[in-house]
Structures are given as structure tokens and as C-alpha cells.
Amino acid sequence: IDIGDTGQETLAGVQSLASKFATERAHIETLSLALPTADALAQTFKNYRSHLELEYPMLQGNAEFQPWLAESLALPAAGEPVPRALAKTIYGRAYYEADRPMAAALKRFARSTNATQGDAVVCIVFGIGGGTGSGIALDLARHLSTGLFGRRVLVMGIGIAPCEGDAPVHRGGSVFAALNEIGRAHV
């Protein structure tokens, strides 16, 4: 999944490698999600609570719910790293709103997984310190495991810890936020 920070050349490389796998053995699909405008992002936040209430009935009437992004957030330029909180919002927008490209991609993936012969295991590999991977991994796992597979398929995450070669921003506070979210998850 590209959220404006990976680049089409990286996705092209994934697509090229995907052609080496038999379609009945693997489902590999790339999805590029555009960075929304500030106005579109504000609209997403207006609707986000109602989307979450569909998945989390106990959230209804919870006055403590707060959006996790400030309205004044500056959006990164194309090709710049996307903060995890913004990646989570962009994923949610693509899953819940308009033509729902993320929900459609996950349904295609679930159909292909359910069509395989034998037991299936779904692995979500993501960077713990980065923005996009750690921002969407748990939502992606929840939507697959609970929503589309009904807990019939093992969905597991493989988090890649940051190393010295990563940018300092990917070795700092974002790691704590990701580990905190993973620790609280009931996917």
C-alpha cells in the first residue's frame, strides 16, 4: 500500500515480483492511496466516529473520544514520509468512505484466500517505526480477521523493528506509539 510516500517505482517492483507466483498460491495486489486535501481530511474526521461506532458498539456515547490529528496538521509533500497517525486516517478514509478502494481490495484478497485449497495463513509484514505500516497494520488485521474472515483464517503480524540505518524519526516516539497500540489490541 502506498500513501504518497512509497512511490510508483517501488509498487512496480512489487507487481513485477508478484507475477512470479502462481495466482492460486498467492494474492499480491498493490494499492496507491492519494494524500487527501486538508478539507477532505477534516471531513473524514467529522465522520470517523460514526464509522468506528459500527465496529466498536461500546464507543457509542463515549464523550472522551478525541480525533488523533490536529486540524492544523501540515500534510507532507509527495514522496515525504507520512506520519503514522495520518496514515491511519488515510487508510480509514479509503476503507470507510466514497468508493472504498481499501475495502474492495480487502474483499478481493479475502475471496482469493477463501478459494484456496487447505488452510491459509495471512502475514502482515510492517515496519514498527515507520508511518504507513505501523499506522495501518492493526486496522488492516482487524478488518481481515474479524470482518472478512470471521476468525476462520490465522492473521498474524510481523513487525520489523527499526535499526541504525533507519531515519531518526523512525527510531523515536513513533515506535512507542506503535508498540502501545499493538499492546492494547484485541484483533
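Cut-off values and rules
Residues numbered from 1 in each chain as written. Predicted model: local features only at pLDDT ≥ 70, side-chain atom pairs only at ≥ 80, totals over all residues. Heavy atoms only, no water. Helix = DSSP H or I, 4+ residues; strand = E, 2+ residues; numbered from the N terminus. Polar contact = N/O pair within 3.5 Å; in protein donor to acceptor, adjacent residues only side chain to side chain. Contact = heavy atoms within 4.5 Å. Core = buried A, V, L, I, M, F, W, Y, C linked by side-chain atoms within 4.5 Å. Buried < 20%, exposed > 50% of the residue type's maximum accessible area, 1.4 Å probe, protein only.

Undergrad: Got a minute to help me understand the side chain of Thr 30 in this structure?
TA: Tracing the backbone through its elements, the reader meets Thr 30 in the loop between helix H1 (8-18) and helix H2 (38-55). In this structure the side chain of Thr 30 is engaged in a polar contact, spanning 2.6 Å, whose partner is the side chain of Gln 15. For Thr 30, the residues in contact, after removing those within four places along its chain, are Leu 11, Val 14 and Gln 15.

Undergrad: What should I look at first to understand the nonpolar core in this one?
TA: Side chains of nonpolar character tend, in soluble globular proteins, to be buried together. Counting 36 residues, the largest nonpolar core has Met 102, Ile 124, Leu 144 and Phe 149 as the members making the most contacts within it. Elements that contribute at least two residues to this core include exactly H2, helix H3 (84-96), helix H4 (101-114), strand S1 (121-127), helix H5 (132-148) and helix H6 (173-184). Among the elements that take part in this core, H3 stands out by supplying seven residues, more than any other. Discounting residues that sit within four places of it in the chain, Met 102 has contacts with Ile 1, Leu 31, Tyr 91, Ala 94, Tyr 95 and Leu 140.

Undergrad: What is the right way to read the side chain of Glu 97 from this model?
TA: Mapped onto the secondary structure, Glu 97 falls in the loop between H3 and H4. Among the polar contacts made by the side chain of Glu 97, one reaches the side chain of Thr 44 at a distance of 3.2 Å. Non-local contacts of Glu 97, meaning those with residues more than four positions away in its chain, are made with Gln 43, Thr 44, Asn 47, His 51 and Gly 92.

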